[in-house]
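Listed below are the residues making up each chain.
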Amino acid sequence: MEIDHRTEPNSGSHPAKFALPVDSEHKATVFRPFSAAPPHMRAFHLSWLSFFACFVSTFAAPPLLPVIRDDLDLTATDIGNAGIAAVSGAVFARVAMGTACDLFGPRLASAALTLLTAPAVFCSAIAASPVSFLLVRFFTGFSLATFVSTQFWMSSLFSAGVVGTANGLAGGWGNLGGGATQLIMPLVFSVIRQTGAVKFTAWRIAFFIPGIIQTLSAFFIFFLGQDMPDGNFSQLKKTGEKHKDNFSQVFRHAITNYRGWILALTYGYCFGVELTIDNIIAQYFFDRFNVNLHTAGIIAASFGLANAFSRPGGGRLSDLMAKRYGMRGRLWALWTVQSLGGLFCIVLGLVGSLSASVAVMLVFSVFVQAACGLTFGIVPFVSRRSLGVISGMTGAGGNVGAVLTQLIFFRGSRYKTETGITLMGVMIVCCTLPMAFIYFPQWGGMLLGPSPKGATEEDYYMTEWDSEEKDKGFHAASLKFADNSRSERGRRVDSVPTPADQTPATDV
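Structural notes on the overall build of the protein chain
- On a plain count of helices and strands, the protein chain comes out with 22 helices and four strands.
- The globule rule puts the C-alpha radius of gyration for 508 residues at 23 Å, and the 23 Å found for the protein chain is close to it.
- Dimensions of the protein chain along its principal axes, counting C-alpha atoms only, are 70 × 45 × 40 Å.
- Every one of the 508 residues in the protein chain was classed for burial, and the buried ones make up 60%.
- For the protein chain, the proportion of contacts with a sequence separation of at least 24, taken over those separated by at least 6, is 76%.
- Entry remark: accessible area of the protein chain is about 19200 Å², with carbon and sulfur atoms responsible for 66%.

Details of the pattern of salt bridges
- In total, this model carries eleven salt bridges according to the counting rule given.
- Residues R330 and D319 are paired through a salt bridge, measuring 3.1 Å at the closest nitrogen-oxygen approach. Of this pair, R330 sits in helix α16 (residues 327–350) while D319 sits in helix α15 (residues 310–325), and the two are eleven residues apart along the sequence.
- Take D319: its relative accessible area is 1%, and that puts it in the buried class.

Comments concerning the packing of helix α2 (residues 65–72) against helix α8 (residues 199–206)
- Their axes nearest at 10 Å, the elements α2 and α8 cross at an angle of 120°. Seen along the crossing, α2 lies across α8 with a hand that is left-handed. Contacts between α2 and α8 pair V67, I68, D70, D71 and L72 from the former with K199, F200, W203 and R204 from the latter.
- Looking at the contact of α2 with α8, its residues break down into five nonpolar, no polar and four charged.

With respect to helix α7 (residues 163–194)
- Taking 1.5 Å as the rise per residue, α7 with 32 residues should run 46 Å; its terminal C-alpha atoms sit 46 Å apart, in good agreement.
- Its axis deflected by about 45° at A180, α7 carries its strongest bend there.
- By the criterion of burial, α7 is predominantly enclosed, with 25 of the 32 residues buried.
- Remark: G196 follows α7 within two positions and exhibits a positive phi of approximately 115°.

Describing the packing of aromatic side chains
- Inspection of every chain in the model, using the stated rule, returns 36 aromatic pairs.
- An angle of 70° between the planes, with centres 5.3 Å apart, marks the rings of Y284 and F285 as edge-to-face. This pair shows no difference in class: Y284 is buried, exactly as F285 is.
- Taken together, F51, F55, F59, F147, Y267, F271 and F376 form an aromatic cluster joined through their ring pairs.
- The ring of F222 has R107 lying over it, and the distance from NZ or CZ to the ring centre is 4.9 Å.
- If you follow R385 out to its NZ or CZ, it ends over the ring of W465, 3.9 Å from the centre.

As for the state of the cysteines
- The final tally for this structure, using the stated rule, is zero disulfides.
- C270 takes part in no disulfide bond, and the closest cysteine sulfur, belonging to C372, lies 3.8 Å away.
- Judged by relative accessible area, C270 falls into the buried class, the value being 0%.

Considering helix α22 (residues 476–484)
- Taken as a whole, α22 has its buried residues at S478, L479, F481, A482, D483 and N484.
- Each element contacted by the buried residues of α22 is listed here: β2 (22–23) and α20 (457–462).

Conventions used here
- Residues numbered from 1 in each chain as written.
- Predicted model: local features only at pLDDT ≥ 70, side-chain atom pairs only at ≥ 80, totals over all residues.
- Heavy atoms only, no water.
- Helix = DSSP H or I, 4+ residues; strand = E, 2+ residues; numbered from the N terminus.
- Rg over C-alpha atoms; globule rule 2.2 N^0.38 Å.
- Buried < 20%, exposed > 50% of the residue type's maximum accessible area, 1.4 Å probe, protein only.
- Contact = heavy atoms within 4.5 Å.
- Areas by Shrake-Rupley, 256 points an atom, 1.4 Å probe, with all protein chains shown as cover.
- Salt bridge = Lys/Arg side-chain N within 4 Å of Asp/Glu carboxyl O.
- Axes fitted to C-alpha atoms, helices over the stretch in contact; angles between N-to-C directions.
- Left-handed = near helix turned anticlockwise from the far one by under 90°.
- Nonpolar A, V, L, I, M, F, W, Y, C, P; charged D, E, K, R; others polar.
- Expected span 1.5 Å × (residues − 1).
- Bend = angle between axes of the 7 residues up to and from the residue.
- Phe/Tyr/Trp six-rings, centres within 6.5 Å; stacked < 30°, edge-to-face > 60°.
- Lys NZ or Arg CZ within 6 Å of the ring centre and 35° of its normal.
- Disulfide = S-S within 2.5 Å.

Structure follows, in structure tokens:
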């Protein structure tokens, strides 16, 4: 249901005016990435730029590791532990960020975390031992939880037909930071060296650049962003347009929804693999193929820079599949793309020449990153009430996957790096199989169609509210979302009746 953006009224007395056409929730029904119109497109650009800055900070160390390890006398185990630390801190931070988004809004949650983790980036410049190096990477890695606020924000501002695209572009362009830092840090290091600094001083000064960028992005988010189409959380709660939700209920509905756990597992072996590659790939090419630091950085950057189109492409593919095949199309597309990514990862570990390794790595990067975009084409429909926690659980799954993968395959000298990459590919294929168990009664799953009992979107989303909450009207936003998500039936969208009053016949 699309509404004229020039005349649609708010629940208050003033008409709402938007630069983009919107639905009944005032979510944009189109996505224009080269627009900066508030609040929808401005929030899009603020969110991905902030996430980009956090990604640059978190992975600023790997491209300079050949210099840092000589300065701090790091062993292979020290480097592996630091890489694990960089992604492990965000495991719980992402769950906490999801909860913060549900309760306080994505603008405040994102700005606060980005600003609080910036000092750790600056402190990288004074790391003097393996332990201090591990600690600064650990605390800097908390900033990766801004991914959750990015996805929550986009899901709050864009409607079902374009939410996959919006999430994919915001996440993909933010993830570009993982590739960009492979170019930025060696370049900054070289410039500082040219001014006369010795190399063991130059790498320390270089960390001030990502620290400054991250700090600025936090202020931009806070002062220029807006949580929802109609205002910030605090403003909407004061006017009564948004009720203050019960944390225990929000959390309970999230952790009891098995779909969120399966998506957390599968995301662990697309985004988690991407994080792992960001940590190991520059050093892998430097050590195995004897390329110089600058060349290794360029090769490693090409993996992350594929996010410019691969993750957004995954989000767009999710939306296109949904238009024709509904939610079942989204699920099949994710399983297919991620499984292919696993196969290419296996091949990457087996090839032995530099040119072949680079070529396979580029193809692998497209599939594994597209799978990330496809995942968050599904996440917004798992729960309306607990969207933040579900997003946090899924995002945390990515970090858990990265931690486990690095602990098992890339810590110490148990496996050669190329063997670890091959085994990681096997894990991707295996951990994608549980996708077959995700089932929505109103839409179906990979192997089964919709419930023969005639379940509707209203039935599904109303289970998150009890009768007392419904009597108070707290479920109104979920009703609107249920109506707008009927597009997930695909070509069935007009074939299944929806109750005239938009309420389910029974409470499930």
